[in-house]
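Chain by chain, the residues:
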Amino acid sequence: MLGTERLQLYLDPARKPAAAEVDAYRALVRRRGAGEPVAHLTGKKEFYGLEFEVTTDVLVPRPETELLVDRARALGGARLLDVGTGSGCVAIACAVRLPEARVTATDVSQAALEVAQRNAERHGVAERIDFRQGDLFAPVDAMDTSARFDLILSNPPYVATGETVETAGKEPDVALFAGPQGTEILERLLDAAPEHLAPGGTLLMEIGEDQAGFVEGRARASFGSVTIHTDLAGLPRMLEASSPP
Ligand code: GLN
């Protein structure tokens, strides 16, 4: 905001901010006080060691979502699909860390895809990520019905409509709220993922901390192996479900 690096503040501690700078800073404090995420004030957010452009058209990347990338790196894969890519943070971090991978990334929001495209260019992986607009798997089905993926990743909306979320109204509803139960989109992903996975392929899906029992039971019906992973707070936050080899 001062148009300078943090280091300059230490090198010139006596510097007095100009009145316009004080006013601009106060305006930011007021916006934060009204509940706007810091990432919306700065226009950026770090995720998996990379800096991402963030606007009000995308979910602000969250640290627990890094679990998806950690697990994707451990499993590896040449063909990845990120469903509901938002800022592109998961697809892009995977493309950066898995240099052989080609990634397809879908989102229902064209505005989000434009942010994601810029983020991919910023991190030099745009030529390995194919961004497609549409609902969940629809863009993939429209491309080529035989397209199969080694890994399908998703941080979909999983909050129940009416549930209190700190950033409600600040982040896009379409990225947060799934429906009255909260599990509606998770269910659709579980139903449609098997036919889009290669043999032995894996679905990695972020979930709410109270949804593990539901998704685990549901996934057992259609996947070969099912695991729930906990985040650094010890909460169950990610489903891993693999197709038989
Ligand atoms: N974890 C987010 C929240 O509770 C929700 C993100 C999502 O629905 N994918 O604010």
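Up top is the structure.
On a predicted model such as this, the values are computed, not experimentally measured, just so you know.

(A) Layout of helix H2 (residues 19-33). Compared with the 21 Å implied by 1.5 Å per residue over 15 residues, the 21 Å span of H2 between its first and last C-alpha is a close match. Gly35, located one to two residues past H2, shows a positive phi value of around 100 degrees.

(B) The environment of Pro139, seen in detail. With respect to the secondary-structure elements, Pro139 resides in helix H7 (residues 138-143). Distance in space between the C-alpha atoms of Pro139 and Leu190 is 17 Å, their sequence separation being 51 residues. Those residues in contact with Pro139 that lie beyond four places of it in its chain are Thr106, Arg132, Gln133 and Gly134.

(C) Looking closely at the site of the ligand. Every residue close to the ligand is listed here: Leu59, Arg62, Asn155, Pro156, Pro157, Tyr158, Val159, Val165, Ala175, Leu176 and Arg237. Residue Asn155 places a side-chain N or O atom 2.7 Å away from a nitrogen atom belonging to the ligand. Within the contact set of the ligand, a nitrogen atom lies 2.7 Å away from a backbone nitrogen or oxygen of Pro156. Per-class residue counts for the shell around the ligand are 8 nonpolar, 1 polar and 2 charged.

(D) Spotlight on the sheet that holds strand S5 (residues 129-133). The strand order across the open sheet built from 7 strands is S5-S4-S3-S6-S9-S11-S10, with neighbouring strands paired in mixed fashion. Only two strands of the sheet have a single partner each, and these edge strands are S5 and strand S10 (225-230). Each adjacent strand pair in this sheet contributes to an overall mean axis angle of 15 degrees, direction not counted. Pairing geometry for strand S3 (residues 79-83) and strand S4 (residues 102-107), over 5 bridges, is parallel. Paired with Val83 across the bridge in S4 is Thr106. Across the face of the sheet, helix H4 (residues 66-75) comes into contact with strand S6 (149-154), strand S9 (197-206), S10 and strand S11 (236-242) while running at roughly 160 degrees to S9.

Cut-offs applied
Residues numbered from 1 in each chain as written. Predicted model: local features only at pLDDT ≥ 70, side-chain atom pairs only at ≥ 80, totals over all residues. Heavy atoms only, no water. Helix = DSSP H or I, 4+ residues; strand = E, 2+ residues; numbered from the N terminus. Expected span 1.5 Å × (residues − 1). Contact = heavy atoms within 4.5 Å. Near = heavy atom within 4 Å. Polar contact = N/O pair within 3.5 Å; in protein donor to acceptor, adjacent residues only side chain to side chain. Nonpolar A, V, L, I, M, F, W, Y, C, P; charged D, E, K, R; others polar. Pairing = 2+ DSSP bridges. Axes fitted to C-alpha atoms, helices over the stretch in contact; angles between N-to-C directions.

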